[in-house]
Amino acid sequence: MHKEPDCRLDCFHCPYPDCVVDGVFECEKKQLEEIEAQICQELEQDEVFRLARYRKAYYQAHRQQLIARQASRRAKDRAAYNAYYREYRRKRRLLAK
């Protein structure tokens, strides 16, 4: 029976000329997963901050336009609501008679 060489997990002082282990050790996998998770989290945070800076700069540059657009939208919505409510009251008065 052929016995595989024993790895001492010390690559810098390995007695073998070529690595006898195929793949990655469990402890290394765990470290790699932690590092990848940390990098992903940092990238997500950077993306969130970049997006917030962009939105703030855009708002400051287009503030008057945004305020005017919002006011016109509110006026239009209010007019539609008033028309609906007038019609509702009219129908209600007709039913009450």
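Computed from a predicted structure; not experimentally measured. (Residues numbered from 1 in each chain as written. Predicted model: local features only at pLDDT ≥ 70, side-chain atom pairs only at ≥ 80, totals over all residues. Heavy atoms only, no water.)

Observations regarding the pattern of salt bridges
Move 1: By the definition in use, this model includes two salt bridges.
Move 2: Between E47 and R50 there is a salt bridge, with the nearest N and O atoms lying 2.8 Å from each other. Of this pair, E47 and R50 both sit in helix α1 (residues 26-61), separated by three residues, roughly a single helical turn.
Move 3: According to the relative accessible area criterion, E47 is partly exposed, its value standing at 41%.
Move 4: A salt bridge links E87 to R90, with the nearest nitrogen and oxygen atoms 2.5 Å apart. With E87 and R90 both in helix α2 (residues 63-96) and three residues apart, this pair spans about one turn of that helix.
Move 5: Note on R90: relative accessible area 40%, which makes it partly exposed. (Salt bridge = Lys/Arg side-chain N within 4 Å of Asp/Glu carboxyl O. Helix = DSSP H or I, 4+ residues; strand = E, 2+ residues; numbered from the N terminus. Buried < 20%, exposed > 50% of the residue type's maximum accessible area, 1.4 Å probe, protein only.)

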